[in-house]
Amino acid sequence: MNNKNNDVKLYNILFPFWMILLFPQIWLIVLPGNFIIDSIVLIISMILLKIADKKQWYKRHIIKIYLFGMISDIIGAGYMLLLVTVFDVGRMGDELYLTAPALVISSVLIFILNYFITFKKSDKLLRLKLSIIFALVTAPYTFLIPSSWLYG
């Protein structure tokens, strides 16, 4: 018996979330890739914002930045997955009304977690600047890739 609804749901899960579930070895690319991106953004931000003692700053903040970014991305992807699988709302990745809020949720979480936890010991203006930079630059823009591009 061919259940068309289940076939549609399988083909509508968005990259990279579906790829990570189907191909666990992708974690070997995703995890270090996100760490490298976060590191580059932190290093460039420290240079642009003229932060002293860059090596110490990097060591003190990179793990929290990285972990909070991953958590935020997972929560945004979870929002889309919940709407698609539980509430059967649209096709994940093909409707902007699903992907844009997920992107915003992840970005806002990145901002909040970095502002209130990662950079809490920094002065308010520096906290604000760094949190905005990470929220905008490291947001999960791959959410916006239509799944139809991946599946034809």
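For the structure, see preceding data.
Residues numbered from 1 in each chain as written. Predicted model: local features only at pLDDT ≥ 70, side-chain atom pairs only at ≥ 80, totals over all residues. Heavy atoms only, no water.

Brief notes about the overall build of the protein
Each helix and strand counted, the protein has seven helices and zero strands in total. Shown N-terminal to C-terminal, the secondary structure of the protein runs as helices and strands in the order α-α-α-α-α-α-α. Taken across its 152 residues, the protein has 38% of its residues classed as buried. Excluding contacts between residues fewer than 6 apart, the proportion of contacts in the protein whose partners are at least 24 apart in sequence is 70%. Only carbon and sulfur atoms are counted for the fraction: they give 72% of the accessible area of the protein, which is about 9100 Å². (Helix = DSSP H or I, 4+ residues; strand = E, 2+ residues; numbered from the N terminus. Buried < 20%, exposed > 50% of the residue type's maximum accessible area, 1.4 Å probe, protein only. Contact = heavy atoms within 4.5 Å. Areas by Shrake-Rupley, 256 points an atom, 1.4 Å probe, with all protein chains shown as cover.)

With respect to the packing of aromatic side chains
With the rule as written, the count across this model stands at five aromatic pairs. Judged by centre distance (5.4 Å) and plane angle (80 degrees), the ring pair of Phe 35 and Tyr 66 falls under edge-to-face. Here Phe 35, found in helix H3 (residues 27-48), pairs with Tyr 66, found in helix H4 (residues 54-85); they are 31 residues apart in sequence, far enough to count as distant. When the ring of Phe 119 is compared with that of Phe 134, the centres are 6.3 Å apart and the planes differ by 35 degrees; the resulting orientation is tilted. Remark: Phe 134 occurs in helix H6 (residues 124-137) and Phe 119 occurs in the loop between helix H5 (96-118) and H6; sequence separation between them is 15 residues. Accessibility expressed as a relative area gives 0% for Phe 119, which makes it buried. Taken together, the ring pairs in this structure connect Trp 57, Phe 119 and Phe 134 into an aromatic cluster. Sitting over the face of the ring of Tyr 115, Arg 127 holds its NZ or CZ atom 4.0 Å from the ring centroid. (Phe/Tyr/Trp six-rings, centres within 6.5 Å; stacked < 30°, edge-to-face > 60°. Lys NZ or Arg CZ within 6 Å of the ring centre and 35° of its normal.)

Overview of H4
Helical geometry note: an α-helix holds 3.6 residues per turn, so side chains three or four residues apart project in the same direction. The end-to-end C-alpha separation of H4 is 44 Å, in line with the 46 Å expected for 32 residues at 1.5 Å each. The sharpest bend along H4 comes to roughly 40 degrees, located at His 61. (Expected span 1.5 Å × (residues − 1). Bend = angle between axes of the 7 residues up to and from the residue.)

Focus: the side chain of Ser 131
With respect to the helices and strands, the residue Ser 131 is situated in helix H6. We classify Ser 131 as buried; its relative accessible area is 0%.

A look at the environment of Pro 140
Secondary-structure assignment places Pro 140 in the loop between H6 and helix H7 (147-151). For Pro 140 and Gly 76, which are 64 residues apart along the polypeptide, the C-alpha to C-alpha distance reads 8.5 Å. In this structure Pro 140 touches Asp 73, Leu 103 and Ser 106, once residues within four positions along its chain are discounted.

Some words on unusual backbone geometry
With a phi close to 55 degrees, Lys 50 is a non-glycine residue in the positive phi region. Examined against the element boundaries, Lys 50 turns out to sit in the loop between H3 and H4. Overall, the relative accessible area of 71% leaves Lys 50 in the exposed class. Backbone geometry at Asp 53 places phi at a positive 55 degrees, although glycine is not the residue there. The exposed category is assigned to Asp 53, whose relative accessible area is 52%.

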